[in-house]
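# Geometric and topological summary
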Amino acid sequence: MREVVLRIRHHGEPEQTVSAAFPEVTMRSVSSMTGRGDTRRRIIELVGDADSIPEFIEQFRETEPVVEAEPLSALGGERVYVSMTVDVNQWDSISERLSDMGIHHRMGTTISGGWERWTIYLEDPDRLNDIIERIEAWGNDVRLERNVELSQLTMEPQLDASKLLTVLTPRQRDALRAAIESGYYGVDHDTTVEEIAEELDVSRTTAWEHLARAEAKVMEEIGGHLY
């Protein structure tokens, strides 16, 4: 069996349109769908710029398939849980499409910058091209990110890079990328935070804050694999 990661731009759906409008906010499903009849309910997690999350929720609430989008945790922070209810008659679900094809997939899909990240499992690797073609035939864009044989994976705890995508905000990722690309973490580096700020077109204080928070989150995740 193979583990395959696909990035899907699900055109025309609220997750895609609102996520694309707020690239600084990452959305993740944290529960399965529940409910009967025409509506289904799910818990989602929003991580990112604290000032953008309330507007993200408001715009998401106003999209046609969404019946309700109500915060379950306090607004004002960089992580908010939301109860989302959708009208299934107006909502096109990648999850249901995969299920209809008999494809197993991992729960906890993340959506950032208009792209959904799906991890699926295939017993027959020859099906992959057909699956991608069928998803694209529904009017979506698909990018293949990962395709590995499960037997090649070790059973040792692995650092899950995808998890970092959910804990780091887009601005924190940009700050960390700029720092790495500039050699900021090199032994003999002479790169300054001011130079990183200039690359990001933000103030020195803002660059330092994004970088410090990104470093703290990355080190916390790595620390869990050191002992």
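Residues numbered from 1 in each chain as written. Predicted model: local features only at pLDDT ≥ 70, side-chain atom pairs only at ≥ 80, totals over all residues. Heavy atoms only, no water.

## A closer look at the nonpolar core
How we decide: Working definition of a nonpolar core: buried Ala, Val, Leu, Ile, Met, Phe, Trp, Tyr and Cys residues. They are joined through side-chain atoms within 4.5 Å. For every residue, the accessible area obtained with a 1.4 Å probe (protein chains only) is divided by the maximum for its type, and the residue is called buried under 20%, exposed over 50%, and partly exposed between those limits. Segments assigned H or I by DSSP are reported as helices when at least four residues long, segments assigned E as strands when at least two residues long, and all are numbered from the N terminus. Contacts are assigned to residue pairs with any non-hydrogen atoms lying within 4.5 Å of each other.
In this structure, Met 27, Ile 44, Leu 46, Phe 56, Ile 57, Phe 60 and Val 82 are the most contacted members of the largest nonpolar core, which totals 18 residues. Of all the secondary-structure elements, those providing two or more residues to this core are β2 (25-29), β3 (39-48), α2 (53-61), β4 (66-71) and β5 (79-87). Filtering out sequence-adjacent residues up to four positions away, Met 27 remains in contact with Glu 15, Ile 44, Glu 45, Leu 46, Phe 56, Phe 60, Met 84, Thr 109, Thr 110 and Ile 111. Within the second largest apolar cluster, 15 residues are counted, among which are Leu 6, Met 101, Ile 103 and Trp 118.

## With respect to the pairing of β2
Under the convention used in this document: Think of it this way: DSSP has to see at least two bridges between two strands before they count as a pair.
Burial runs high along β2: 4 of the 5 residues are buried. In the sheet, β2 pairs with β3 via 5 bridges, with the strands oriented antiparallel. Directly across from Val 25, in β3, lies its bridge partner Gly 48. The sheet contact formed by β2 and strand β7 (residues 110-112) spans 3 bridges and is antiparallel. Residue pairing in the sheet places Thr 26 in a bridge with Ser 112 of β7.

## Describing a nonpolar patch on the surface
Defined as follows: Patch membership requires more than 30% relative accessible area and the absence of a salt bridge. Residues of like charge join within 9 Å; the nonpolar side chains Val, Leu, Ile, Met, Phe, Trp and Tyr join within 5 Å. Residue burial considers only the protein chains on display, and all accessible areas are found by Shrake-Rupley using a 1.4 Å probe. The rule for a salt bridge is simple: a side-chain nitrogen of Lys or Arg has to be within 4 Å of a carboxyl oxygen of Asp or Glu.
A contiguous nonpolar patch, built from Val 30, Leu 72 and Tyr 81 and spanning about 240 Å² of accessible area, is present on the exposed surface. Tracing the chain through its elements places Leu 72 in the loop between β4 and β5.

## Thoughts on the packing of helix α1 (residues 14-21) against α2
Worth spelling out the cut-off: Structural elements are reduced to axes, namely lines fitted to C-alpha atoms, with helices fitted over the stretch in contact, and the angle between N-to-C directions of any two is expressed from 0 to 180 degrees. If an angle is under 35 degrees, it is roughly parallel; if it is over 145, roughly antiparallel; if it lies from 65 to 115, roughly perpendicular; otherwise it is oblique. Whether a crossing is left-handed or right-handed is set by the direction in which the near helix is turned from the far one by less than a right angle, anticlockwise for left-handed and clockwise for right-handed. Residue polarity is assigned by list, with Asp, Glu, Lys and Arg as charged and Ala, Val, Leu, Ile, Met, Phe, Trp, Tyr, Cys and Pro as nonpolar; anything else, Gly included, falls into the polar class.
Across the interface, α1 lies against α2 with an axial gap of 10 Å and an inter-helix angle of 150°. The orientation of α1 relative to α2 falls into the category roughly antiparallel. The interaxial crossing formed by α1 with α2 has right-handed handedness. Contact with α1, carried on its side by Pro 14, Glu 15, Val 18 and Ser 19, involves Phe 56, Gln 59 and Phe 60 of α2 and no other residues of that element. Looking at side-chain class alone, the contact of α1 with α2 contains 4 nonpolar, 2 polar and 1 charged residues.

## With respect to the pattern of salt bridges
Enumeration according to the criterion identifies 14 salt bridges in this entry. Where Arg 2 meets Glu 149, a salt bridge forms, and the shortest distance between an N and an O atom there is 3.6 Å. Note that Arg 2 is positioned in strand β1 (residues 2-9) and Glu 149 in strand β9 (residues 141-149), a separation of 147 residues in sequence. Given a relative accessible area of 22%, Arg 2 falls into the partly exposed group. You can call Glu 149 buried: its relative accessible area is 19%. The partner of Glu 78 in a salt bridge is Arg 213, and the shortest N-O contact between them spans 2.8 Å. Residue Glu 78 is located in the loop between β4 and β5, and its partner Arg 213 is located in helix α8 (residues 204-223); the two are separated by 135 residues in the primary sequence. Using a relative accessible area of 44% as the deciding quantity, one classes Arg 213 as partly exposed. Three or more residues are tied together by salt bridges with common partners; here these are Glu 3, Arg 106 and Arg 146.

## Focus on the side chain of Asp 87
We apply this condition: Charge counting follows a simple rule: Lys and Arg are positive, Asp and Glu are negative, and His as well as the terminal groups are ignored. Pairing of N or O atoms within 3.5 Å defines a polar contact, subject to two protein rules: one partner must be a possible hydrogen donor and the other a possible acceptor, and residues neighboring in sequence count only if both atoms are side-chain atoms.
Here Asp 87 lies in strand β5. Arg 40 is the oppositely charged side chain nearest to the buried, salt-bridge-free Asp 87, at an N-O distance of 8.3 Å. At 2.9 Å, the side chain of Asp 87 and the side chain of Gln 90 are in polar contact. Here Asp 87 is in contact with Asp 38, Pro 65 and Val 67, once residues within four sequence places are set aside.

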